[in-house]
Amino acid sequence: MIKNWQYLDEYDLERRRILEIVDRVFSSGKLILGPEVASFEAAFSAACGAAHGVGVNSGTDALFLALKALGIGKGDEVITVANTAVPTVAAIRAAGALPVFVDVEQDTFLMDVARLEQKITDRTKCIVPVHLFGQPVDMDPLLTLAARNTLYVVEDCAQATGAAYRGRTVGSLGDMGAFSFYPTKVLGAYGDGGMVVTGSSWYDEKLRRLRFYGMKETYYAEEEGYNSRLDEVQAALLNFKLSSLQGAVRRRQAIATAYQEGLAGIGDLVLPAARKDRSHQFYVYTVQTSYRDALMRHLHDYEVEARINYPTPIHLMRGYAMLGYRPGDLPATERLSGRILSLPMYPGLGNDKVARIIEVIKSFYEQR
């Protein structure tokens, strides 16, 4: 298991404050759906430019409950991408719907919106654009297409907290936005956590019932629901970290700039493309190379923790063979899966370490 250096750095730096927050919550005796959750829901949704936020157990649950709130279920199709974390598709399947995959852009790794329309059928109910690696999907044409076909849009914002598309923060663009606060994320908790944001008071009320067994008042279910609640400790810690989010993002962007400048023109490396009309949060910094496996081994030999996000597209995984996809169905997605490599990226990564990583990569190509 690769260590979570982001978590270790944060805890070392903020240990006293973190323990004070935990003690405050424990001492209050309010551990589930109390004032800390309410405060963080208000602060986070406001930061996203959304009227409402509903804290839940995980990013997977955030996406699942958003789909359930829209009434999506058996017989419905939901269009998304296969080069994402499994939870995106697991949530669609948990809702009872059928994932339909569209290919991606080769340079951004993001949903190829130009290919969307050919995937729409009379059973399509929703599009789930994944703002992968910290950069938003091209949302304006996607939203236009969705409106023309009366489709819902649920943004998967798990990797792009705070990112913006043409001045609008992700999560506020579609009907709902689903966020993850898994510890490695741009805004990470010290355990699992997630949130759904929306501009609709109706969806807000629906989501609050769904996360709490379908109940509005204790002991009476208005509808069939689930148990998915962000706990008070995580909410309090996330609220504390929210104030430093932009500083952490600026540091990620500075590291990305150093990589861009230091690795430009090196071997066959293809550096990540950042569109000018969007802010890229650089949840990860992912390069492409035909020597991916050899380069990763070289980096590991020098104790540089590079990794692959994600080595196998979901449509080719054994667990989703029932969807009926075959090799060659998503050419760009499949090509990328054999070429991508993510370099270390977290706010505490010092300039000296970034420079060393660049030199190690250069040494790999010098030996070829």
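See the structure printed just above.
Residues numbered from 1 in each chain as written. Predicted model: local features only at pLDDT ≥ 70, side-chain atom pairs only at ≥ 80, totals over all residues. Heavy atoms only, no water.

Caption draft 1: Broad picture of the layout of surface pockets. In this structure, the second largest pocket occupies an estimated 370 Å³ of space. Around the second largest pocket, the lining is made up of 17 residues, and of these Glu 10, Leu 13, Glu 14, Lys 241 and Ser 244 lie nearest the centre. For the lining of the second largest pocket, the elements supplying multiple residues, two or more each, are α1 (5-28), α7 (232-242) and α8 (245-263). The class makeup of the residues in the lining of the second largest pocket is nine nonpolar, four polar and four charged. (1 Å grid on protein atoms, 1.4 Å probe; cavity = no way out; pocket = protein on both sides within 12 Å on 5 of 7 lines; lining within 4 Å. Points joined across faces, edges and corners; volume = space filled by probe spheres on them. Helix = DSSP H or I, 4+ residues; strand = E, 2+ residues; numbered from the N terminus. Nonpolar A, V, L, I, M, F, W, Y, C, P; charged D, E, K, R; others polar.)

Caption draft 2: Geometry of helix α5 (residues 139-148). Buried within α5 we find Met 139, Leu 142, Leu 145 and Ala 146. Buried residues in α5, looked at end-on, bunch into an arc of 130°, giving them a common side. Exposed residues pointing more than 90 degrees away from the buried face of α5 are listed as Ala 147 and Arg 148. Residues of α5 that are buried in the fold lie against β4 (124-127), β5 (152-156) and β6 (164-165). Downstream of α5 by a residue or two, Thr 150 has a phi angle that is positive, lying close to 55°. (Buried < 20%, exposed > 50% of the residue type's maximum accessible area, 1.4 Å probe, protein only. Arc of directions from axis to C-beta. Contact = heavy atoms within 4.5 Å.)

Caption draft 3: Examining the sheet that holds strand β3 (residues 98-101) more closely. Taken together, the seven strands give an open sheet; going across it, the order is β1-β9-β8-β5-β4-β2-β3, and neighbouring strands pair in mixed fashion. In the strand order of this sheet, the two ends are held by β1 (52-56) and β3, each with one partner. For this sheet, the mean angle separating the axes of adjacent strands, direction not counted, is 25°. Seen against the sheet, helix α4 (residues 86-94) touches β2 (77-80), β3 and β5 and runs at an angle of roughly 140° to β3. (Pairing = 2+ DSSP bridges. Axes fitted to C-alpha atoms, helices over the stretch in contact; angles between N-to-C directions.)

Caption draft 4: Local environment of the environment of Gly 34. Along the polypeptide, Gly 34 turns up in the loop between α1 and α2 (35-47). Sequence separation of Gly 34 and Ala 235 is 201 residues, and the distance between their C-alpha atoms is 9.6 Å.

Caption draft 5: Just a nonpolar patch on the surface, in detail. A cluster of nonpolar side chains, contributed by Phe 26, Leu 31 and Ile 32, occupies part of the molecular surface with about 300 Å² of accessible area. Note on placement: Phe 26 falls in helix α1. Taking the relative accessible area as the measure of exposure, Phe 26 reaches 53% and is therefore exposed. (Patch = residues over 30% accessible without salt bridge, like charges linked within 9 Å, V, L, I, M, F, W, Y side chains within 5 Å. Areas by Shrake-Rupley, 256 points an atom, 1.4 Å probe, with all protein chains shown as cover. Salt bridge = Lys/Arg side-chain N within 4 Å of Asp/Glu carboxyl O.)

Caption draft 6: Structural detail: the nonpolar core. Ranked by internal contacts, the top residues of the largest apolar core, which has 59 residues, are Phe 40, Phe 44, Leu 116, Leu 142 and Phe 181. Among the secondary structure elements, those contributing two or more residues to this core are α2, β3, α5, β9 (194-198), α7, α8 and α10 (331-337). For this core, the element with the most residues is α5, which contributes four residues. Discounting residues that sit within four places of it in the chain, Phe 181 has contacts with Phe 40, Phe 44, Leu 187, Gly 188, Ala 189, Gly 191, Gly 193, Gly 194, Met 195 and Leu 238. (Core = buried A, V, L, I, M, F, W, Y, C linked by side-chain atoms within 4.5 Å.)

Caption draft 7: Spotlight on the packing of helix α3 (residues 59-69) against α4. Remark: α3 packs on α4, axes separated minimally by 8 Å, with the N-to-C direction vectors making an angle of 35°. By crossing handedness, the relation of α3 to α4 is classed as right-handed. On α4, the residues that touch Thr 60, Leu 63, Phe 64 and Leu 67 of α3 are Pro 87, Thr 88, Ala 91, Ile 92 and Ala 94. A class-by-class count of the residues in the contact of α3 with α4 yields seven nonpolar, two polar and no charged. (Left-handed = near helix turned anticlockwise from the far one by under 90°.)

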